[in-house]
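# Structural description and commentary
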Amino acid sequence: MDDEDVDVQSTAKKAAETIVLVIDDEGVETLIPELLRGVNDNQASMRRGAAYLIGFLFKNSKLYLADEAPDMMSTLITLLSDTDNATVLAAWEAFSRVVGSVPKEQLPTHIKLVRDAVSTARDKERRRRKGVPVLLPGLCLPKALQPFLPIFQQGLISGSAETKEQAAEGLGELIDVTSEKTLREVVVPITGPLIRILGDRFPWQVKSAILSTLTIIIAKGGLALKPFLPQLQTTFVKCLQDSNRSVRTRAASALGKLSALSTRIDPLVSDLLSMLQSGDDAVKESVLSALKGVVRHAGKSVSSAIRSRGCTLLKDLLQADADDVRSSAAKAIGTLSQYMDETETTDLVQTLLSMGTLPDWCTRHGALLTFSSISRHCPTKLCHSTSFPSIVDLLKDSLKDDKVLAQFALLCYLKYHCVSMCSNSCLFVEKFPVREASTKTLGRLLCYQLQFGGSTLQLVQLLILASRDSSTEVRRRSLSCIKAAAKINHSALATHISILGPAIGDTLKDSSSPVRVAAERCAVHVFQLTKGADYVTTAQKHLTNMTGLEVRRLAKLPVESDDSESSDDERRT
């Protein structure tokens, strides 16, 4: 079917169709391998022709072909990432016919092979189009999802709990590589059954998988989901109180993304704030995560009255004993700070400055975490504040925060070593999180000041002080902050090279491997080592404890071989 003459092509096509229809059971064993070989041919016309004949065979043959369907489905799905558009269309049409030949009750048994084939096609497309969102060409066609939906929907409706989980996860993976336009055509028939199943009493694995898929649908489906907004919101809020952490976490993420589509944010935020006033710490953490997501996606729609109420409740939670609650409250306030007016910001900063000097370690930690979160989301409100010198002084003092009276440490000791001691015994242990939060905040403030021409000397000096901290985490964090600053404005940071050089040199000899690795990455950017021999020579003058060979080795490191400070923030802030 590769001849350019139209008449010859037509004749060959009819001959091939005739042969396919007259083949018996024994002949199928010979035909199928030939067709599979054809869809893997180097010539697009051969792949296209083979795909067409597969579809023709499964649509018109009276033979029992259920045993051949799995291999054909897997091969045709992989072909949906073909570089030839006509071949992609032929593969999709053939896949539709193969699926149509499979009895409905057997469809769920093919979920795993469909997931594996979609994964293979996605990987092929990712290698071909690096740096851009991965979409399979065959899933950008009109009605592209139609032949896939019966497989997953049958699994969701009639399958076991495990099959339902696999079907929900597979549907999410499929939608992830489908174009938004194609998804909008079927968003209603997909979403309805997922919501119904989520409301039933199924194991947490099923709920978690469905929540993950719904999150993908929300991100891609957009306004097409409007009819489901009330149902989805109610369902997600209910899932925030689930006993399983994975369900709560995914519900919080989904609710945040859903809020971007809603026009009535105040009632939702009010409900979340009410949930914070009751419930255990695990639920509070999930509600706080959801609140942060809602503010992030729809913060402009939150009224000042609700914002004020939220800030008051969140400030109380900064003193919570539970680390996760304290950290989540700080993140939520930092996100909310973007939408605060000047008076609200001033009041918040004064409260945090006061909390940062209190004897209670949890309270100090909560205040520093909040400064860190604000410095990420809205550093301008700190750097332009009249209290900026006081903020820096607090950060400086917090770098000396080293001990905390820790009952929990005693309890851990008793648990693992079965030591009998008085109930009122106490134990001092080192706690570095306050110092790490302070260091992170200093780094973000430095990056902002370097961008907009503010004063930087004291911030640099404090980060150097942190690089000598007793905690490896604090030392590593300080080096990551200095590296990030160098990437933002190297020339401005270079004015402090005389004090940065020796400090970086010391950490390059650190006893901790993670600290040394961070120091190497920091040195590469601070000294611009990859830009040539002149920069290496300059670095040697400041890195006096390093040999020329060691500095030249650093210069061979790839510039972007590590995680950037921004991605690190995404994971840990």
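Residues numbered from 1 in each chain as written. Predicted model: local features only at pLDDT ≥ 70, side-chain atom pairs only at ≥ 80, totals over all residues. Heavy atoms only, no water.

## Details of helix 21 (residues 388-398)
The criterion, for reference: For every residue, the accessible area obtained with a 1.4 Å probe (protein chains only) is divided by the maximum for its type, and the residue is called buried under 20%, exposed over 50%, and partly exposed between those limits. Strands are runs of DSSP state E lasting at least 2 residues, helices are runs of H or I lasting at least 4, and numbering of each runs from the N terminus. Each direction from the helix axis to a C-beta atom contributes to the arc, which is the arc of those directions.
Three or more residues of helix 21 are buried, namely Phe-388, Ile-391, Val-392, Leu-394, Leu-395 and Ser-398. Here the buried residues of helix 21 occupy an arc of 155° about the axis, which is enough to place them on one side.

## Here's the deal with the packing of helix 2 (residues 25-39) against helix 3 (residues 44-60)
Spelled out, the test is: Between N-to-C directions, angles cover 0 to 180 degrees, with each direction set by a line fitted to C-alpha atoms, over the stretch in contact for helices. An angle below 35 degrees is read as roughly parallel, one above 145 as roughly antiparallel, one from 65 to 115 as roughly perpendicular, and any other as oblique. Two helices cross in a left-handed way if the nearer one is turned anticlockwise from the farther one by less than a right angle. They cross in a right-handed way if the turn is clockwise. Residues are treated as being in contact if the distance between any of their heavy atoms lies within 4.5 Å. By the convention adopted, Pro, Cys, Tyr, Trp, Phe, Met, Ile, Leu, Val and Ala count as nonpolar, Lys, Arg, Asp and Glu as charged, and the other residues, Gly among them, as polar.
In the contact formed by helix 2 and helix 3, the axes pass within 7 Å of each other and the chain directions differ by 140°. Viewed along their axes, helix 2 and helix 3 adopt a mutual orientation that is oblique. For the pair helix 2 and helix 3, the sense of crossing is left-handed. Along its contact with helix 2, which presents Leu-31, Ile-32, Leu-35, Gly-38 and Val-39, the element helix 3 presents Met-46, Arg-47, Ala-50, Ala-51, Leu-53, Ile-54 and Leu-57. Split by residue class, the contact of helix 2 with helix 3 holds 10 nonpolar, one polar and one charged.

## Examining the state of the cysteines
Note the cut-off: Any pair of cysteine sulfurs within 2.5 Å is marked as a disulfide.
One pass over the full model with this rule turns up zero disulfides. Between Cys-378, a cysteine without a disulfide, and Cys-383, which holds the nearest cysteine sulfur, the sulfur-to-sulfur distance is 9.9 Å. Residue classification places Cys-378 among the buried residues on the basis of a relative accessible area of 10%.

## Quick notes on a negative patch on the surface
So the rule is basically this: Two joining distances apply to patches: 9 Å for like charges and 5 Å for nonpolar side chains (Val, Leu, Ile, Met, Phe, Trp, Tyr), and every residue must have over 30% relative accessible area and no salt bridge. The Shrake-Rupley method, run with a 1.4 Å probe, gives the accessible areas here. Residue values count only the displayed protein chains as cover. We define a salt bridge as a side-chain nitrogen of Lys or Arg found within 4 Å of a carboxyl oxygen belonging to Asp or Glu. As used throughout, the charge tally considers Lys and Arg to be positive and Asp and Glu to be negative, leaving His and the chain termini uncounted. By convention, the point assigned to a charge is CZ for Arg, NZ for Lys, CD for Glu and CG for Asp.
Residues Asp-280, Asp-281, Asp-321, Asp-324 and Asp-360 make up a contiguous surface patch of negative charge. The topology assignment puts Asp-360 in the loop between helix 18 (342-355) and helix 19 (361-377). Asp-360 sits in the partly exposed class, given a relative accessible area of 37%.

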